[in-house]
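Commentary on secondary and tertiary structure
For reference, the chains in residue letters:
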Amino acid sequence: MNYLGIPVFAVVVIALSRTEITDARSFSIDFDNNTFVKDGEPFRYIAGSLHYGRVHPLYWQDRLSKMYMAGLDAVQTYVPWNLHEPVPGTYNFKDGADLEKFLTTANETGLLVILRAGPYICGEWDMGGLPSWLLRNQDIQLRSSDPAFLKYVDLWMGVLLPKVKPFLYANGGPIITVQVENEYGSYPACDHVYMRHLLQVFQSYLGTDVVYFSTDGPADNYLKCGTLQGIYSTIDFGAVDDPQALFDEQRKYEPKGPLVNSEYYTGWLDHWGEPHQTVLTSKVARGLDAILKLGANVNMYMFEGGTNFAYWNGANGDLTSYSPQPTSYDYDAPLSEAGDPNEKYYILRTIIGKYKKLTPGPIPVATKKYAYGKTLMSHTATLYDVLDKIAPYGPIRTTYPISMEDMQQDFGFMLYRTTLRSNYNTSPLTINGIHDRGYVFVDKIPVGILKRNTHVTLNITAQENSTLDILVENMGRLNYGCCINDSKGIIGNVTLAGFVLTSWQIFSLNLEKALDLKRNSVDVPSEGGTPSGPLQIPSFFAGTLPTGPQEGPQDTFLRMTGWSKGQAFINGFNLGRYWPTEGPQITLYVPAFVLNPTQNTLVLFETEHSPCNTSDPFAICSVEFIDRPIINSTIPPEDLQASQRKNSDSQTFWRENEESADADFGEHKLLKNERLSGNKIQDVDETWGRDVVPGKGSKNGFDLSSDSQEAFDENTIIVDSKKEWKDIGKEVVVSATEVMIFLGGLPAVLWNFFIV
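Keep in mind the model is a prediction, meaning the values are calculated, not measured. (Residues numbered from 1 in each chain as written. Predicted model: local features only at pLDDT ≥ 70, side-chain atom pairs only at ≥ 80, totals over all residues. Heavy atoms only, no water.)

**Examining the packing of aromatic side chains**
The relative placement of two aromatic rings is captured by the distance of their centres and the angle of their planes. In this structure the tally under the stated criterion is 38 aromatic pairs. Here Trp133 and Tyr152 contribute two aromatic rings whose centre-to-centre distance is 5.2 Å and whose plane-to-plane angle is 75°, an arrangement assigned as edge-to-face. Of this pair, Trp133 sits in the loop between β8 (112-116) and α5 (147-164) while Tyr152 sits in helix α5, and the two are 19 residues apart along the sequence. Residues Phe237 and Phe247 carry aromatic rings whose centres are separated by 5.4 Å and whose planes lie at 75° to one another, so their mutual orientation is edge-to-face. Residue Phe237 is found in strand β11 (residues 232-237), and its partner Phe247 is found in helix α8 (residues 243-253); the two are separated by 10 residues along the sequence. (Phe/Tyr/Trp six-rings, centres within 6.5 Å; stacked < 30°, edge-to-face > 60°. Helix = DSSP H or I, 4+ residues; strand = E, 2+ residues; numbered from the N terminus.)

**Section: the packing of α5 against helix α6 (residues 192-206)**
Remark: α5 packs on α6, axes separated minimally by 9 Å, with the N-to-C direction vectors making an angle of 30°. Judged by the inter-axis angle, α5 sits roughly parallel to α6. Considering how the two elements wind past one another, α5 and α6 form a crossing that is right-handed. Side by side, α5 and α6 meet where Phe149, Leu150, Val153, Asp154, Met157, Gly158, Leu161, Pro162 and Val164 of the first sit next to Tyr194, His197, Leu198, Val201, Phe202, Tyr205 and Leu206 of the second. Looking at the contact of α5 with α6 residue by residue, the classes come out as 13 nonpolar, 2 polar and 1 charged. (Axes fitted to C-alpha atoms, helices over the stretch in contact; angles between N-to-C directions. Parallel < 35°, antiparallel > 145°, perpendicular 65-115°, else oblique. Left-handed = near helix turned anticlockwise from the far one by under 90°. Contact = heavy atoms within 4.5 Å. Nonpolar A, V, L, I, M, F, W, Y, C, P; charged D, E, K, R; others polar.)

**Digging into the confidence of the model for the protein**
Per-residue confidence for the protein gives a mean pLDDT of 83, with 78% of residues at or over 70. For the protein, per-element mean pLDDT is lowest for helix α13 (residues 673-677), which scores 27, and highest for β8, which scores 99. Confidence over residues 1-22 falls short of pLDDT 50; this stretch has 5 contacts with residues more than four positions distant or in other chains. In the model, residues 639-756 has pLDDT below 50 throughout and makes 280 contacts with residues more than four positions away in sequence or in other chains. (pLDDT = per-residue confidence, 0-100.)

**Description of the nonpolar core**
In this structure, Leu142, Phe149, Leu509, Leu558 and Leu602 are the most contacted members of the largest nonpolar core, which totals 161 residues. The greatest single-element share of this core, amounting to 8 residues, is contributed by α5. Other than its neighbours up to four places away in sequence, Leu142 contacts Met127, Leu130, Leu134, Leu135, Phe149, Tyr187, Ile484 and Asn485. Residues Leu458, Ala462, Trp504 and Ile506 belong to the second largest nonpolar core, which totals 25 residues. (Core = buried A, V, L, I, M, F, W, Y, C linked by side-chain atoms within 4.5 Å. Buried < 20%, exposed > 50% of the residue type's maximum accessible area, 1.4 Å probe, protein only.)

**What to know about the sheet that holds strand β5 (residues 41-43)**
The 3 strands are arranged β3-β4-β5 in an open sheet whose pairing can be described as antiparallel. A strand with exactly one partner marks an edge of an open sheet, and here the two such strands are β3 (27-30) and β5. For this sheet, the mean angle separating the axes of adjacent strands, direction not counted, is 45°. Relative to strand β4 (residues 35-38), β3 is paired through 4 bridges, and the arrangement is antiparallel. (Pairing = 2+ DSSP bridges.)

Structure representation (structure tokens):
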């Protein structure tokens, strides 16, 4: 039997084939219609960034649910190579590094995934995610077609990509696009052979039908080196009133296809010693609205910043400058460092609601916070007391200093020691290669601090046969720009009175081996100097937290009043660096899941000066756990002046080199004028109450129903408190409702979150 000249069985086969194609999961680009296509239908995504390595794994579900309820279609995340391969050939995919668990959780939450697979990621992460052990080869050319580099890239991708493949959208998983490298146009190598090699490796494991993409700043000098045929070119920029002008730059390299901003900046990153960075909620909302009006795809970077636990923070700089990032990666994002929805969250949710129907149901509330109160601390040991314990293999003996990487140590501290062969009277000790902070001791007496690039010389007095010790702290490797091959320790000669010092002993230190020390009965270092001077011998202190709430552990914040600089551990979990004397971060975030229901032990390694001095009857050797963060404190006047000079220089550079002062190019290549001039140095207690628009039928001014537009008149726009904003034909409505809602929370469960 025939139908229109075609055998009936053929018609049936065609019909069945068409049904199979329709039912098959697929994600691709329709270049003719300038759109993504998901399962045969045009698709535009609204996404947000969250880095799984910066959030405790037992909070992944909480954060992803809040993103989903904000109206996001997808979560964008980086894969930090150095988190997963701490030593060559040894791989970690457990606990906080469980990528497959994170992807599964995103999928179960209803979020798609935009995976930024590296090998380089930037992200204000140590060395941009590249393993520091690569630097043991001093001639290696990172992010290039250098065979020495590609050898390890290929091995790593051979482990990572097979794990990723089952999670591709076509295979039933959440991953719709995969990024190859990151902002490569901002790196001076401009090696297209390298990029082609990466694409071939990705395709060999994941296939050729995956949407691969790149992202770069919207300018020729970035895009010309960051783009490659077979990799879809996207751009990144912050809040501007006319995003079309920037998307026109993308069109120069992608004449057809969807418009994509892969990093729309909701805030900005911080540096130690500089003001906490913020971007006006009104400007972020207006810019997002303008992008979505164009039908463009957008990823908000960050939607939650999270925390640089342990030693994972990166740094910005070059050969002559160095600015490390703090432990908090709050980023002024819609979800705070602790994952709490803030004013920006609800306002952006409202903007998103103009363009898509939001999911019905309540928005997950902020996790519970608890002020555990003061914890008395006791001195347990000085660095010298426990040197054999934290350096169990003893020193390595060398003629000249060698780097941390050559010592096969990635993070933390190393001690360099030599014996002086002459008498010295206020003689200049110079270390041009101090990376990054050096504490100098003569016969175990602290004499001063050396700082990378800025303070590399210190006058010392010493006798023949005196012991010179230099404790060097790695404060985070450069993660962006020309100089990410950022070796740590002492990377050059040490001179004293103009003569090169030789015959060194180098101790590789593991602080975690001192976390179980018993407390001394007195709070005075047991040897070397007095504790009352401006510098003390680096020492360990321990204390037990007061009893917590009956319902179990809750999030809290460690306030370090009276302390100077060091590393904090709770129950063996490395919370990160504290440096309240430098700011802007004063408190450290403590997730509930690192706390026990009963006894909790805090250990501090204080490198400079503690309040624990028994010769002062008014000194209190304690810390305090409070129920709110302080990450925007006033910074020292001299640091503020330096920061303002740096900001002024950046503004001049911007005006001279870019047509638009509103554009944002790259993750931190340039800073926006508003970020530079709009900072307010104020006490944190003055910043909690903010004004928002009360919605009809809403709770606390924010609609929690399925469609946020029900809570707002369509001609009403929301602004920051006490800010004027004249928008086209929009009515400005301001009222006084506090945003932060400290309700609800998750069940408190103890978890050992692995951090190297």
